Amino acid sequence: MIPRYISNFDLTDIPRLYTDFLIIGTGIAGLYTALKACDGGKVTILTKRRLEDSNTDLAQGGIAAAIGTEDTPRLHLSDTLEAGAGLCDLPAVEVLVNEGPDCVMELVEIGTRFDRVEGHLALTREGAHRQRRILHARGDATGEEIRRALSDQVTRHPEIDVHEDIYLIDLLTEGNACYGALAWDLARQQKVAYLARSTVISTGGAGHLYLNTTNPGVATGDGIAAGFRAGARLADLEFIQFHPTALYHEDNPKFLVSEAVRGEGAILRNRLGERFMERYHPMADLAPRDVVARAIVDELRQTGEPCVFLDTKKLPVPFQERFPTIYQHCLQVGIDPSRDWIPVAPAAHYIMGGVRTDADGQTNLTNLFACGEAACTGVHGANRLASNSLLEGLVFGKRIATRMKKKRDDVSLRELHRFSSRSRGLGEPSGSLTQQAVQWRQRLQTIMWQDVGILRDGQGLSRAKETIRGLVEGSLGYELGGGSRLGDGQPDHPR
Ligand code: SIN
């Protein structure tokens, strides 16, 4: 059996910190939830590196919201449902598209400087959007600008503390209730317990399960795994989004070449120079992301080449003006996008599944919420519509903050003290799991890339399952027999 905790601990032996709202992760979901919650109590945010290390900071294309004169939430809903391949949760998508525009305007109010044309917010398109509805900043530095605006507010607020270099080890639970998290303080090299009335998992995605990913090194699925060990329901984990156009280069993580580049008119070409997307979907280069990624794999199989190319010659604005970050990065690796085709190939980008929540971010565990990429609200279905992820972090972060403030006094300080004075957990002796994980990491990433990647079949999935079972049982001696919780359960589709 997999132990409930991955590390031994006795809370009476380690430093304990008390807070009202514990938020784990500093992407858009964590930062916005913190700002919205801090008028209702003390907020503590944990991040395993620096505040700016997150997928949010790397987001290029933008954030989607139905604010254009030709656009409506209804049209945004319809594009989201279609991209999601029939598996979106309709009420959750309604929440997203209806509440999204106000949240984006709040970002503007707190000082996010989105790009403008003649004073109006500039809007672009990305795959599967039938309208121009993507706001962007400094061309292709949207995430960095949103993070800057949010972190300026967060770091100045007296009721919010940010703790950097703190690794989540496990959620602390008793029965069906969560009372905070056990963490590892990298600077002090010791465990620390954060006791909280409410806890939010906003730890982001899990791109580093794969050999090739656009995600930063911090995206290792920690929050989803901790939720799983604590008994939180997970859903839709099989739905991994592969971004079609990561820069084809030896670097890893792979540098993203935003879908907005195609939104502005770039086209995909194969090795023979043929424009191929028209053969795969009526929306051609702006087809949904999963369709484009599969089409590229198909082309690569036919031509035997490792990459296809983005031809940016037809852009209405010079490439370097509209996409300065991508331009500079390409130059660094010897490609001049104003002259050369950009070599691209798919890479793991986003996980649609995660810790299952209701429309207020509440998980099945009392006092535990999940938000952003680590959560599964159901808005993305089987394939997320481009630029809906930053929006999801805002909309559901705001809802979580409202719910946490309302129920703040459901957990008394006395209850937290009582929990922390008794709680101990039996897990692995400290360090042994970490050592195993380092050894497994590349093997696991290779298996996932080869057998649980863009194209899958029963044979590959069974092979991956058996190999992973072998890794776990061989290294740790866990019995993962027929009824285990690793890989043998039925997928959880609450719809
Ligand atoms: C991109 O800029 O292509 C990424 C946008 C997203 O993942 O939503």
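The structure we're discussing is the one just above.
Residues numbered from 1 in each chain as written. Predicted model: local features only at pLDDT ≥ 70, side-chain atom pairs only at ≥ 80, totals over all residues. Heavy atoms only, no water.

Observations regarding helix α5 (residues 142-156)
- A rise of 1.5 Å per residue sets the reference length of α5, with its 15 residues, at 21 Å; its end C-alpha atoms lie 22 Å apart and thus fit the reference within 8%.
- If you check which residues of α5 are buried, you get T142, G143, E145, I146, R147, A149, L150, S151 and V154. (Helix = DSSP H or I, 4+ residues; strand = E, 2+ residues; numbered from the N terminus. Expected span 1.5 Å × (residues − 1). Buried < 20%, exposed > 50% of the residue type's maximum accessible area, 1.4 Å probe, protein only.)

Considerations on the site of the ligand
- With respect to spatial proximity, the complete set of residues near the ligand consists of Q60, G61, E126, H243, L256, S258, E259, R289, H349, R384, A386 and S387.
- Between E259 and the ligand, the recorded distance is 2.6 Å, taken from a backbone N or O atom to an oxygen atom.
- Contact between the ligand and R289: an oxygen atom at 2.9 Å from a side-chain N or O atom of the residue.
- Protein burial of the ligand: of its 260 Å² of free accessible surface, 94% is covered by the chains.
- Split into classes, the residues belonging to the shell around the ligand amount to 2 nonpolar, 6 polar and 4 charged. (Near = heavy atom within 4 Å. Polar contact = N/O pair within 3.5 Å; in protein donor to acceptor, adjacent residues only side chain to side chain. Areas by Shrake-Rupley, 256 points an atom, 1.4 Å probe, with all protein chains shown as cover. Nonpolar A, V, L, I, M, F, W, Y, C, P; charged D, E, K, R; others polar.)

A word on the environment of E159
- The residue E159 is located in the loop between α5 and β9 (160-163) in this model.
- A C-alpha to C-alpha distance of 38 Å links E159 and R132, two positions 27 residues apart in sequence.
- What E159 contacts, discounting residues up to four positions off in sequence, is C38, G41, K42 and V43. (Contact = heavy atoms within 4.5 Å.)

Some remarks on the pairing of strand β3 (residues 43-46)
- Residues V43 and I45 of β3 are buried on one face, and the alternating residues T44 and L46, pointing to the opposite face, are buried as well.
- Of the strand pairs in this sheet, strand β2 (residues 16-24) and β3 are connected by 4 bridges, and their pairing is parallel. If you follow I24 over to β3, its bridge partner there is L46.
- The β-α-β motif built from β2, the intervening helix α1 (residues 28-37) and the parallel element β3 has right-handed crossover chirality.
- Pairing analysis gives 4 bridges linking β3 to β9, with the strands arranged parallel. (Pairing = 2+ DSSP bridges. Right-handed = clockwise from strand over helix to strand, strands pointing away.)

Focus: the pairing of β2
- Here 8 bridges tie β2 to strand β12 (residues 190-201), and the two strands are oriented parallel to one another. Bridging across to β12, F21 finds its partner in S198.

A look at the sheet that holds strand β17 (residues 342-351)
- The sheet built from 4 strands is open, its strands ordered β14-β17-β16-β15 with antiparallel pairing. Since the sheet does not close on itself, it has two edges, and those belong to β14 (240-247) and β15 (267-269), each with one partner. Adjacent strand axes in the sheet meet at a mean angle of 45° when their direction is disregarded.
- Pairing of strand β16 (residues 308-311) with β17 involves 3 bridges; the strand directions are antiparallel. (Axes fitted to C-alpha atoms, helices over the stretch in contact; angles between N-to-C directions.)

A few points about the pattern of salt bridges
- If you walk through the whole model with that rule in mind, you get 45 salt bridges.
- Between R147 and D57 there is a salt bridge, with the nearest N and O atoms lying 2.7 Å from each other. Taken together, the residues span a long stretch of sequence, with R147 in helix α5 and D57 in helix α2 (residues 55-58) at a distance of 90 residues.
- Its salt-bridge partner being D89, residue R356 comes within 3.1 Å of it at the nearest N-O pair. With R356 in strand β18 (residues 354-356) and D89 in the loop between α3 (73-83) and α4 (90-109), this pair connects stretches of sequence that are 267 residues apart. The two residues R356 and D89 agree in class, both being buried.
- Each of D71, D79, E82, R130 and R133 takes part in salt bridges that share partners, so that together they form one network. (Salt bridge = Lys/Arg side-chain N within 4 Å of Asp/Glu carboxyl O.)

Overview of the sheet that holds strand β4 (residues 63-64)
- What the 3 strands build is an open sheet, ordered β4-β8-β7; its pairing is antiparallel. One side of each edge strand has no neighbouring strand; the edge strands of this open sheet are β4 and β7 (123-124).
- When β7 meets strand β8 (residues 134-135), the two strands line up antiparallel, connected through 2 bridges. From the neighbouring strand, T124 faces β8, where its bridge partner is I134.

Considering the packing of aromatic side chains
- Overall, the coordinates contain 9 aromatic pairs when judged by the stated rule.
- Ring centres 5.4 Å apart and planes at 45° place the aromatic pair F319 and F323 in the tilted group. Across the pair, F323 and F319 agree in class, each one buried.
- Measuring from ring centre to ring centre gives 6.5 Å for F319 and Y327, while their planes differ by 50°; the resulting arrangement is tilted.
- In this structure F319 comes out as buried when scored by relative accessible area, which is 4%.
- One aromatic cluster in this structure is built from Y210, F242 and W449.
- In this arrangement the basic side chain of R384 is found over the ring face of Y350, its NZ or CZ atom lying 4.1 Å from the centre. (Phe/Tyr/Trp six-rings, centres within 6.5 Å; stacked < 30°, edge-to-face > 60°. Lys NZ or Arg CZ within 6 Å of the ring centre and 35° of its normal.)

Without other data, these values stay purely geometric and don't point to any function.
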